[in-house]
Amino acid sequence: MEIITSYLSKKQESTSLAFFRLSFGLLMTFSIIRFWLKGWIKTMYIDPSFHFTFYGFDWVKPLDEYTYLLFFICGLSAFFVAIGYKYYLSIITFFLTFTYIELMDKTTYLNHYYFVSILSFLMIFLPANSSYSVDSYLEKKSYKYSPKWCVDSIKILLFIVYFYSGIAKINYDWLIEAQPLKIWLTTGSYDLPIIGSTLMQQEWFHYFMSWGGMFYDLLIPFILLYSRTRIFGFLLVVFFHVFTVILFPIGMFPYIMIISSLIFFTSQTHQKILDFILNPLTKQIKNIKELKVINIKRKNLALNVVVIFFIIQFLFPFRYTLYPGELFWNEQGYRFSWRVMLMEKRGYTTFKIVDKENKNSFYVMNDSFLTEFQERQMSFQPDFILEYAHFLGDHYKKSGLNEIEVYADSYVALNGRMSKRFVDPNVDLLKEKRGFNNKSWILPLNEKINTF
Amino acid sequence: MSKIRLILFSIISIFIVVACTSESDEDQILIPEFDRSTILTNYAENIIIPRYADFKLSLMNLKSSVDSYVAYPMISTYDKMHNDWLDAYKKWQHIEMFNIGKAEEIMFFNTINTYPVDELRINENIVSQKNDLSNANDYSSQGLSGVDYMIHGIDDTKDKVIQKYTDDPKYGEYLKNLLSIMYTNTNEIVQDWETYKDSFIQSSGNSNSSSLNMITNDFVYYFEKGLRANKIGIPAGVYSGGNTLVSNIEAYYSSMNSFQDVSKDLATEALIASENLFLGKSSTGAVGPSLKTYLDYIYNADVNKENLSPVILSNFQEAKQAVNQLDENFIDQINNNKIKMLNAFDKLQVIVVNMKTNMLSLLSIQVDYIDADGD
């Protein structure tokens, strides 16, 4: 108990939080602008007539043209977070709008979106505006120190992301078969100088990258944690993520991880970077009173939330153990667990509608309802298949067919294995309820991947 | 601190040892890289460009026979025109899948082979002497399918059709205009390939917009929709609750009014064209680098455990057999024994599954040009 209270009273320079707030906010502002400019708001949220929702969040829907407004508010709040203006209102707004956006359609689900969501939630409880912020300028006071646990909580979250994605790599496909890297590297970009034509298709290199990737993920939080190895660790982070940028269409994720990793550096380093960037500004500002340690309002509540948050974060990725069958095949408990780049998985799934009365049947052309992107994601993920089957059921019932059954003709290929039938073709999917119960209508893979 | 360093040191050394042993386990033979541009070169030089040249030539023939028929509407000129039409339609089966470059830009395949045609609209166009058919609503009133209606569909016998052309010059004008549009478009694409070829071959990376990804997507899309669904599935009622739609077959009027039963010929030609592309086989029978070669390379590089290319080739054999068992006239086949059509559909479906799951997966080709992030 004493250890805890003494830990909680430890303090660290506020510059670390300020630095993190600024870089995270700017990166998010940029991400939102990028998303907008690529036209994805239209193609992913406005154009599709049907959206795949997360179970329990079916009420979260795109808002037609107002979806642009939602993105605008999200981007603006990210910018306000960056400059530390009305910080608490801004970070709460950012968390809510960003999370709403991610819940609108799970087709676009990415682990790093989830990371952004939960990180912004965590930041609601951190006094990241106590220095180097517009708030502090307006209130004419800044705080030299913040509680140490605030910065540590960000480190813990990053630790979870890296370490858990390392654990997830401990499986048969990744370590013993070097899949899916074998496929991805062999067929990867040959435009890379030198290694493109020499290393990329060598089997030992696939194993080297697979094992190296696992050890990297497992060890990097520790390497960053110790001051002697920190610079080396950061160089590894940059090298690793730049490598993935070159090979894969991976979007903002590498940049988010590179910038976030800087939190492991000392407050002095953060101070230097901030001074370097903000030098012209801070020189002008003289009459801010510098106080010692910030007192977090409702500190106990904040601490309780943060502790519960981390307990959930530590346990949640293991929820897959509650389900039978191979995780990579059934994907029950796959998301929100830092399982990144583990699968080369493709599916082909079509649906047969059967009229119960006269047993007439017909197949559905998926492109009548889904975009190419949605169809691709639906074809190998069971919860998508079930949700879509129910959508089709409702659609055809509305159009006059009363008693119908919906069957899926589905094939999936995983990590270089030949494709196999995925959904039991004799199961009427309309009879299967959506939800967290085990999806017994998925045919087994009959191979052990031994996921961790 | 020293304890932690010791742990750290030992973990890193395990890492290095593992990395090195996994290296020395292997034979030290370097696997050469696969040059995707060899496929592109073979596809462009030996398949796409010559097949386009063939099609252009067949259109030239059809164009001149249409000209003489319109000038002298009689049995002899008619028969030559019909034969040239069929020849052009067969040649077309070898290029419909190449919806890339200029062809994609001008919606070429929509303007040549949209069916069923819109009879009402064609007749309106004939009466109003409409020449500009570039509007998307006119896709179903032109092309080789449009010619099918113009020479086999405006009446139900050869004599009556010829009589119509004799009585009203507007029919001839419309027919000549269809040929002129097709020829102009084809010529434009043929000329474009002269310059497009180099950039097509040079784009040998693996991005979504690289040539092999685009051409493979076009191929798979064509096979699934243009061949499997349009030629077989839709008319056989696969998508319409068992209600067959015979008027949706390709070249409907030729079969319908008993001019010549051509549906099976066209479908067979399309299936052979698809197999040829997979094999890298040109019209001379020479075989070059192809999707098959690439899959063989992947297999030989130990990326996967069962070679996919022989599987797909035997799928093609079965599909060809199933199509071969069909009646020359798909209307009769559908009306008399739908099951054989559905059987052919299933055999084509197997190829679609193998291409869309296994082939695209092993070659890391994303479905279509979806622009999105991954993680």
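Just above, that's the structure.
Residues numbered from 1 in each chain as written. Chains lettered and ligands numbered in written order. Predicted model: local features only at pLDDT ≥ 70, side-chain atom pairs only at ≥ 80, totals over all residues. Heavy atoms only, no water.

(A) Representation of the overall build of chain A in the model. Check the secondary structure of chain A and you find 19 helices and seven strands. Computed over the C-alpha atoms, the radius of gyration of chain A is 24 Å, within 12% of the 22 Å expected from 2.2 N^0.38 for a compact globule of 452 residues. In terms of overall dimensions, chain A has C-alpha extents of about 85 × 50 × 50 Å along its principal axes. Residues counted as buried form 59% of the 452 residues belonging to chain A. Expressed as a percentage of contacts within chain A between residues at least 6 apart in sequence, the contacts between residues at least 24 apart total 75%. Of the roughly 19600 Å² that chain A leaves accessible, carbon and sulfur atoms contribute 64%. Seen as two clouds, the 45 positive and the 36 negative side-chain charges of chain A have centres 12 Å apart. (Helix = DSSP H or I, 4+ residues; strand = E, 2+ residues; numbered from the N terminus. Rg over C-alpha atoms; globule rule 2.2 N^0.38 Å. Buried < 20%, exposed > 50% of the residue type's maximum accessible area, 1.4 Å probe, protein only. Contact = heavy atoms within 4.5 Å. Areas by Shrake-Rupley, 256 points an atom, 1.4 Å probe, with all protein chains shown as cover. Lys, Arg positive; Asp, Glu negative; His and termini not counted. Charge placed at Lys NZ, Arg CZ, Asp CG, Glu CD.)

(B) Layout of the interface of chain A and chain B. Across the contact, 64 residues belong to chain A and 64 residues belong to chain B. Both faces combined, the contact of chain A with chain B buries some 5500 Å², and carbon together with sulfur accounts for 59% of it. Counting across the chain A and chain B interface gives two salt bridges. Close ionic contact of K305 of chain B with E177 of chain A constitutes a salt bridge, the shortest N to O distance being 2.5 Å. (Buried area = accessible area lost by both parts, 1.4 Å probe. Salt bridge = Lys/Arg side-chain N within 4 Å of Asp/Glu carboxyl O.)

(C) The packing of aromatic side chains, seen in detail. All names here are of chain A. In the structure shown here, the tally under the stated rule is 68 aromatic pairs over all chains. The interplanar angle of 40° and the centroid separation of 6.1 Å between the aromatic rings of F57 and W59 together place this pair among those described as tilted. Between the aromatic rings of F369 and Y396, the centroid separation amounts to 6.4 Å while the plane-to-plane angle is 85°, which identifies the pairing as edge-to-face. With F369 in the loop between β5 (361–363) and α18 (372–378) and Y396 in helix α19 (residues 382–398), this residue pair connects regions lying 27 residues apart in the sequence. An aromatic cluster of three or more residues is present, and its members are F50, F52, F351, F362, F369, F384, Y388, F391 and Y396. Cation over ring: K106 sits above F384, and NZ or CZ is 5.0 Å from the ring centre. (Phe/Tyr/Trp six-rings, centres within 6.5 Å; stacked < 30°, edge-to-face > 60°. Lys NZ or Arg CZ within 6 Å of the ring centre and 35° of its normal.)

(D) A look at the sheet that holds strand β3 (residues 289–293) of chain A. All names here are of chain A. The strand order β1-β2-β3 describes an open sheet built from three strands, whose pairing is mixed. Among the strands making up the open sheet, the edge pair consists of β1 (11–13) and β3. This sheet shows a mean twist of 35° between the axes of neighbouring strands, independent of strand direction. Of the pairings in the sheet, the one linking strand β2 (residues 141–147) to β3 comprises four bridges and is parallel in character. Bridge assignment links Y145 to a residue of β3, and that residue is V293. Running at roughly 65° to β2, helix α8 (residues 148–168) makes contact with β1 and β2 of the sheet. (Pairing = 2+ DSSP bridges. Axes fitted to C-alpha atoms, helices over the stretch in contact; angles between N-to-C directions.)

(E) Local environment of the environment of Y363 of chain A. As for its placement among the helices and strands, Y363 of chain A is situated in strand β5. Sequence separation of Y363 of chain A and D409 of chain A is 46 residues, and the distance between their C-alpha atoms is 9.5 Å. In this structure, Y363 of chain A is in contact with T350, F351, K352 and D409 of chain A together with V238 and Y239 of chain B, ignoring residues within four places of it in sequence.

(F) How the structure looks around the nonpolar core. In terms of nonpolar packing, the biggest core is built from 256 residues, with F351 of chain A together with M150 of chain B touching the most fellow members. The greatest single-element share of this core, amounting to 14 residues, is contributed by helix α9 (residues 169–202) of chain B. Look past the residues within four positions of M150 of chain B in its chain and what remains in contact with it is I122, I126, V161, Y165, Y171, Y174, L175 and L178 of chain B. (Core = buried A, V, L, I, M, F, W, Y, C linked by side-chain atoms within 4.5 Å.)

(G) Spotlight on the environment of A302 of chain A. Checked against the element boundaries, A302 of chain A lands in helix α16 (residues 299–315). Remark: the alpha-carbon pair of A302 of chain A and R421 of chain A, spanning 119 residues in sequence, is separated by 49 Å.

(H) Structural detail: the side chain of E387 of chain A. All names here are of chain A. If you trace the backbone, E387 turns up in helix α19. By relative accessible area, E387 is classed as buried at 5%. Once residues lying within four places of it in the same chain are set aside, the contact partners of E387 are F50, H51, F52, T53, K106 and R434.

(I) View of the pairing of β2 of chain A. All names here are of chain A. Here β2 lies mainly inside the structure; five of its seven residues are buried. Where β1 meets β2, three bridges bridge the pair, whose relative direction is antiparallel. Counted as the bridge partner of Q12 is S146 from β2.

None of this, on its own, says anything about what the molecule does.
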